[in-house]
Amino acid sequence: MTLHTEGSITFEATGAFFNPRMQLNRDIGVAMTKALGISEYLDALSASGIRGMRVAAEAGTEKVTLNDFDPRAVQVMRRNVARNQLDCVVSEKNANVLMHQEHFQAVDLDPFGSPSPYISAASRSARSYLFITATDTAPLCGAHLKSGIRKYMAVPLCTDYHREMGARILLGLAARELARLDKGTEPLLTHVTDHYVRTYLRVVKGAEAADRSLQSLGYLEHCNSCGSFETLRLLHPVGICRHCRSRTALAGPLWLGKIQDPDVITSALVAGDLGPRAKKILSTCAKEVDVPMYYDHHCICEKLRITPGKIEDVISRLKSLGHQASRTHFTGLGIKTNATLPELEEVLRENNI
């Protein structure tokens with residue numbers, strides 16, 4: 001038997017799924033749970049139990065439930081809980097059944113693959129918070145179009161900003177599922193790291209909150225020719241790019257509202273014992289301009305046939321012209337701005353002189 005150590009937990013994973021590459025995801029999850037002061041937490045798809053055990057041991061969460069349908073994983077979890085002298089509830093149920101039967105202050109979905117089969121039940125179970133991981137980035141980002149449409153009931157597009165496209169498609173599905181239950185959603189932190197999308201949502205009860213959330217849903221009209229895009233709150237696409245007059249493609253429905261809460265993210269930075277990479281991701285998320293999607297600096301420069309300069313110079317120039325602009329955690333080459341594509345192109349040409 002091999003023992004692993006992560007955070008303050010020593011555990012075995014023989015007979016249960018464990019991905020060491022997801023430690024950064026779990027590090028941030030512990031920090032967010034601690035920052036939000038969560039007292040009741042469900043790790044719906046626990047496997048070895050490492051995520052929930054770390055929440056119990058490091059976030060100060062009083063009641064943690066670890067659940068898995070696989071009896072072998074449940075036995076591993078029980079041994080791990082005893083080994084670390086934790087007072088966790090260990091459950092052996094189908095996750096959807098458990099989430100329809102019981103309510104939890106916070107529900108955490110970290111499945112192998114798509115969270116789509118669990119989001120409906122999780123939306124019913126979560127009283128205050130819903131945390132979701134999606135590792136099926138190809139369907140979310142438009143690379144596997146038909147699969148993305150089936151799983152998320154939305155049309156994704158494979159664009160230069162495909163990483164944010166995937167995040168907003170996932171947020172759109174979560175908002176729609178919560179709204180069916182008269183619940184609104186407020187994204188607190190959303191990041192796309194390595195091979196997965198991760199989002200932390202505050203759940204707000206009431207039909208009015210649900211209605212407000214639905215107002216943040218919409219569509220995105222993208223021009224494959226020049227790379228510009230427009231957001232649409234209602235499904236009234238123009239069909240023609242207003243910049244280059246080429247035909248456009250439509251994505252959605254997807255979330256067009258805020259995806260970061262700087263105050264909560266800053267609290268998580270203080271609360272968590274985070275490594276340099278996690279700190280950088282959260283710091284960048286907290287500073288991102290609140291606009292949908294981003295532009296890929298190098299892709300635009302390649303189309304313009306100019307040599308890319310420093311991104312920071314481009315951002316500074318955009319700000320001096322009265323635009324909002326920032327870097328983004330989605331990619332090191334991304335620029336978030338409320339400037340139009342022609343305005344950004346003009347700055348890039350000017351910066352290249």
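Residues numbered from 1 in each chain as written. Predicted model: local features only at pLDDT ≥ 70, side-chain atom pairs only at ≥ 80, totals over all residues. Heavy atoms only, no water.

- The protein goes by tRNA (guanine(26)-N(2))-dimethyltransferase in an unreviewed UniProt entry, where it is assigned to Methanothrix soehngenii.
- Taken from UniProt, the Catalytic activity (unreviewed entry) comment for the protein reads in full: "guanosine(26) in tRNA + 2 S-adenosyl-L-methionine = N(2)-dimethylguanosine(26) in tRNA + 2 S-adenosyl-L-homocysteine + 2 H(+)". (UniProt positions renumbered as here; feature names shortened; annotations may be inferred.)

**Brief notes about the pairing of strand β10 (residues 217-223)**
Then, number 1: Most of β10 sits out of view: 7 of its 7 residues are buried.
Then, number 2: The pairing of β10 with strand β12 (residues 248-255) spans 6 bridges and is antiparallel. Bridge pairing links Cys-223 to Thr-248 in β12.
Then, number 3: With 4 bridges joining them, β10 and strand β11 (residues 229-232) adopt antiparallel strand pairing. Looking at the pairing, His-222 lines up with Phe-229 of β11.
Then, number 4: Where β10 folds back onto β11 in an antiparallel hairpin, the turn is made up of 5 residues, including Gly-227, whose phi is positive at roughly 90 degrees. (Buried < 20%, exposed > 50% of the residue type's maximum accessible area, 1.4 Å probe, protein only. Helix = DSSP H or I, 4+ residues; strand = E, 2+ residues; numbered from the N terminus. Pairing = 2+ DSSP bridges.)

**A closer look at the domain arrangement of the protein**
Reports of interface size often rely on the accessible area that becomes lost once the parts have come together.
Then, number 1: Assigned domains within the protein: domain 1 (1-285) and domain 2 (293-349).
Then, number 2: Taken residue by residue, the interface counts 25 residues in domain 1 and 13 residues in domain 2.
Then, number 3: By the criterion of area lost to domain 2, the three top residues of domain 1 are Asp-160, Glu-164 and Phe-229, representing 36% of everything that side buries.
Then, number 4: Along the contact surface separating domain 1 from domain 2 lie 1 salt bridge.
Then, number 5: One salt bridge in this structure joins Lys-336 and Glu-164, with 2.8 Å as the shortest N-O distance.
Then, number 6: Our count for the contact surface shared by domain 1 and domain 2 stands at 4 residue pairs in polar contact (both at pLDDT 80 or more).
Then, number 7: Secondary-structure elements contributing two or more residues to the side of domain 1 that touches domain 2 are α8 (162-180), β8 (183-193) and α11 (276-287).
Then, number 8: It is α8 that contributes the most residues to the side of domain 1 that touches domain 2, 6 residues altogether.
Then, number 9: Counted by class, the side of domain 1 that touches domain 2 contains 11 nonpolar, 9 polar and 5 charged residues. (Domains from an automatic or database assignment. Contact = heavy atoms within 4.5 Å. Buried area = accessible area lost by both parts, 1.4 Å probe. Salt bridge = Lys/Arg side-chain N within 4 Å of Asp/Glu carboxyl O. Polar contact = N/O pair within 3.5 Å; in protein donor to acceptor, adjacent residues only side chain to side chain. Nonpolar A, V, L, I, M, F, W, Y, C, P; charged D, E, K, R; others polar.)

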